[in-house]
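Coordinate inspection notes
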Amino acid sequence: MLRVIVRRLLQLVVTLIALSALIFIWLRNLPGGPVEALLGERATPASRALLIKALGYDQPVLVQYAKFMQRVLTGDFGNSIRTGDPVTEVIGRAFPATIELAAVAMIIAVGLGVPLGYLAARHRGRLLDNLSIAGTLLGISIPIFFLGYLLKDVFTQNIHWFPPSGRISTGVDNTDVTGFFVLDGLLTREFDATGDALWHLILPAFTLATIPLAVIVRITRASVLDVLNEDYVRTAEAKGLRHKTIRGRHILRNALLPVVTTIGLQTGALLSGAVLTEKVYNWGGLGTLITDSISGGRDYPVLQALILLAALVFVVVNLLVDLSYAFIDPRVRVR
Amino acid sequence: MSLLDVRDLSVVFQRRGERPFTAVDKVSFSVEPGQTVGLVGESGCGKSVTSLAIMGLLPRRGNKVTGQVMFDGADLLALRPDDMRDRRGRDIGMIFQDPLSSLNPVVPIGTQVAEVLERHRGMDRKAALKEARELLDAVGIPDPNRRLKEYPHQISGGMRQRALIAIALACKPRLLIADEPTTALDVTIQAQILTLLKQLVDETGTALIMITHDLGVVAGLCDTVNVLYGGKVVERAARHELFARPRHPYTHGLLNSVPRLDSPRGERLHAIRGSVADNIPWAEGCAFAPRCDNVVDACLEGTPPLEPTTTGGDLRCNNPVTEEVAVP
């Protein structure tokens, strides 16, 4: 087990190094750049040359990359070109917001998706099943930004159930401990802040959850249908076990194996979905930071670190999923 | 009074847009306490469906079950699903064909034995596991303490079937239904499992319905044998009577097609001609008629009735076989 973890972590390091090189070269070949953004279109060639030299962009890309990696190994990702703040600080501010949003979205997706998928399978071919098929198709096809604006319009403009944007109301006095507002409220016993943060979370999290939710409903449904045909479910019925036992121990424990894999893969969807969702709800997270860093003059240092972070999160979540597999499925453990 | 009395049991599969298919057609038979009864026939003759109908394990939709299954004075088919659930595993146990796929791959063997004790005998987990250990020991699983914690893929096929037998007999049911329990096992293991079953039903007085296509299994185990063809009982007889004097041409053909060690060298193996698919609906005559060597005109004029024979059995045939075959 330990050997598997170590091997996977080494693979992770290799992946990240390769990815960093790719991003580094790719970013520098995008049209436009920080120099144009900082100096504007009418800058003189001389001032441009001066800035290019100051930022170190006159050197060959490989040399730039080597210097970048050297600094990264000491934990220094450079400063944002746009604001001048250290990249780690900029990202550190935005990171908890996105993780909080993505975590709540995943809780919604799994919490609703697994029961719905199970019920659809048990009522195969009937109304509930057909509704779930239609609903999941809609959930997968509807663009996030469209759904986001739609929900925002209905629930914040027409009926004022939820706040239109932001992570917390202006009047609420919250103490920043971890940056996770819901958690901070609980830690400092400012429960009104927790409540307010959750209230702000509901619409964006639901928007972000639609695609993973639809996928999880479908996978759960298909997987439960497979398991229902298994002989061991018939054995469980022949034992006269209660519905509850058959559902939990014999059907779901087997049916959830592919669902767990899906949850890992859906983190990718969550990260990309966060970019759109955060834009719609003005959520100050990584998604907002990434769009601002691209449109605000190709903020190379921030972008590099952001993409690496996204890759890191994706790979780590999938590593955790793979490891959890070994705990759920004894057949994996032996190998 | 019989322990189990199946009367006119019919199962019709009915899917939308498809012609209804009668898998089991007015089957009647009974099982006395402690008796071992065989249901014998080829694939598709309705023997497994009969057992699933008795257990109430057929899918809820797509089929119609009629008739009566009297067990202990109550009609199992008329019971509320929850009442039937209380009886399954407690009064009637069942073991299935493929021991690997019949055990849950992600739950330890111990839990799979213990849960039936927790459910029907009200034991807590600790007591149930202790009892499960005894049960595994009783069905001849070596080192039961270790096996309790192991998963189905970690033990051999024979041991898996032993574990399933332990599960089925955990609550000391009065009736055990074994649906081709040895088909998926090696020949040497088959013999062990049959010996074990025989020993256990003798010890506990459990009645047994043995469902099989293998006449060898019947010969070693059953008191009475019901031969099924096309969803109907075509012959019923005591074991010795059936093997000594098979009356129905189908039974006769089955016995003749068993390979024998003492047959002359070079003699061809007998086979019943045609396949199960070559049949006619019972309403139009005998379903076996297209494959039968003894066919007469009457066989194509309506269902032959199931009539008592002089030797205490029942026979559904217009022109029975009269010759004797030596008991294999």
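Residues numbered from 1 in each chain as written. Chains lettered and ligands numbered in written order. Predicted model: local features only at pLDDT ≥ 70, side-chain atom pairs only at ≥ 80, totals over all residues.

1. Examining the overall build of chain A
Within chain A one finds 14 helices and zero strands. Here chain A, with 335 residues, has 33% of them falling under the buried criterion. Contacts in chain A between residues at least 24 apart in sequence constitute 71% of all its contacts with a sequence separation of at least 6. (Helix = DSSP H or I, 4+ residues; strand = E, 2+ residues; numbered from the N terminus. Buried ≥ 20, exposed ≤ 12 C-beta atoms within 10 Å, placed from the backbone. Contact = placed C-beta atoms within 7 Å.)

2. Examining the overall build of chain B
Counting its secondary structure elements, chain B contains ten helices and twelve strands. The C-alpha extent of chain B, read off along each of the three principal axes, is 65 × 50 × 40 Å. When the 328 residues of chain B are sorted by exposure, 45% land in the buried category. Across chain B, every contact between residues at least 6 apart in sequence was considered, and the portion connecting residues at least 24 apart equals 64%.

3. Some points on the UniProt feature "domain: ABC transporter" (unreviewed entry) in chain B
The UniProt entry lists residues 6-255 of chain B under the feature "domain: ABC transporter" (unreviewed entry), expressed in the numbering used here. Taken end to end, residues 6-255 of chain B is 40% helix and 25% strand, and its first and last C-alpha atoms sit 26 Å apart. (UniProt positions renumbered as here; feature names shortened; annotations may be inferred.)

4. Structural notes on the nonpolar core
Looking at soluble globular proteins, one finds that nonpolar side chains tend to be buried together. Ranked by internal contacts, the top residues of the largest apolar core, which has 90 residues, are V113, A132, A163, A166 and I177 of chain B. Ranked by the residues each element gives to this core, the list is headed by helix α6 (residues 157-169) of chain B, at eight residues. Setting aside its immediate chain neighbours within four residues, A132 of chain B contacts G110, V113, A114, L117 and L148 of chain B. Counting residues in hydrophobic clusters, the runner-up holds 57 residues, among them A97, V104, L208 and L289 of chain A. (Core = buried A, V, L, I, M, F, W, Y, C linked by C-beta atoms within 7 Å.)

5. Points about the UniProt feature "domain: ABC transmembrane type-1" (unreviewed entry) in chain A
Sequence positions flagged by UniProt for "domain: ABC transmembrane type-1" (unreviewed entry) are, in local numbering, residues 95-321 of chain A. The distance separating the terminal C-alpha atoms of residues 95-321 of chain A is 21 Å; by composition the span is 80% helix and 0% strand.

6. A look at helix α11 (residues 243-281) of chain A
Taking 1.5 Å as the rise per residue, α11 of chain A with 39 residues should run 57 Å; its terminal C-alpha atoms sit only 43 Å apart, a clear shortfall. Just downstream of α11 of chain A, N282 of chain A is the residue with a positive phi angle, here 50 degrees. (Expected span 1.5 Å × (residues − 1).)

7. Side note on the UniProt feature "transmembrane region" (unreviewed entry) in chain A
Under the local residue numbering, the UniProt record ascribes the feature "transmembrane region" (unreviewed entry) to residues 9-27, 101-121, 133-151, 197-217, 251-276 and 305-328 of chain A. For residues 9-27 of chain A, helix accounts for 100% and strand for 0%, while the C-alpha atoms at its two ends are 26 Å apart.

8. What about the sheet that holds strand β2 (residues 21-31) of chain B?
All names here are of chain B. With antiparallel pairing, the four strands of this open sheet are ordered in space as β2-β1-β4-β5. Strands at the two margins of the open sheet, each flanked by one partner only, are β2 and β5 (74-75). The pairing of strand β1 (residues 4-13) with β2 spans seven bridges and is antiparallel. Considered in β2, the bridge of D5 is made with S30. (Pairing = 2+ DSSP bridges.)

9. So, helix α4 (residues 61-73) of chain A
Helix length check: α4 of chain A (13 residues) gives 18 Å between terminal C-alpha atoms against 18 Å at 1.5 Å per residue, within 8%. Directly beyond the C-terminal end of α4 of chain A, a positive phi value near 85 degrees is found at G75 of chain A.

10. Section: the interface of chain A and chain B
Opposite the 20 residues of chain A that make contact, chain B presents 25 residues. Of all the secondary structure elements, the ones that give two or more residues to the side of chain A that touches chain B are α10 (231-238), α11 and α14 (330-334) of chain A. Considering every element that reaches the side of chain A that touches chain B, the biggest residue donor is α10 of chain A, with six residues. Here the side of chain A that touches chain B is composed, by residue class, of five nonpolar, five polar and ten charged. (Nonpolar A, V, L, I, M, F, W, Y, C, P; charged D, E, K, R; others polar.)

11. Some details on the packing of helix α12 (residues 286-295) of chain A against helix α13 (residues 300-328) of chain A
Axes are the key here: two packed helices are described by the angle between their axes and the distance separating the axes. Residue and element names in this part refer to chain A. Where α12 meets α13, the axes come as close as 9 Å, and the angle between the chain directions of the two elements is 145 degrees. Here α12 and α13 pass one another in a crossing that is left-handed. For the pair α12 and α13, contact is made by L286, L289, I290, S293 and I294 and by V302, L303 and L306, respectively. A breakdown of the residues in the contact of α12 with α13 according to their chemical character gives seven nonpolar, one polar and no charged. (Axes fitted to C-alpha atoms, helices over the stretch in contact; angles between N-to-C directions. Left-handed = near helix turned anticlockwise from the far one by under 90°.)

12. A look at the sheet that holds strand β9 (residues 224-229) of chain B
Residue and element names in this part refer to chain B. One open sheet accounts for eight strands, arranged β6-β7-β8-β3-β9-β10-β12-β11; its pairing is mixed. If you trace the sheet from one side to the other, it starts and ends with β6 (92-95) and β11 (307-308), each paired once. With six bridges connecting them, β9 and strand β10 (residues 232-238) associate as antiparallel partners. Pairing of L228 across the sheet is with V233, part of β10. Relative to the sheet, α6 contacts β6 and β7 (175-179), its axis offset from that of β6 by approximately 170 degrees.

13. Focus on the confidence of the model for chain A
Per-residue confidence for chain A gives a mean pLDDT of 88, with 99% of residues at or over 70. Here α14 of chain A is the element of chain A with the lowest mean pLDDT, 72, and α10 of chain A is the one with the highest, 95. (pLDDT = per-residue confidence, 0-100.)

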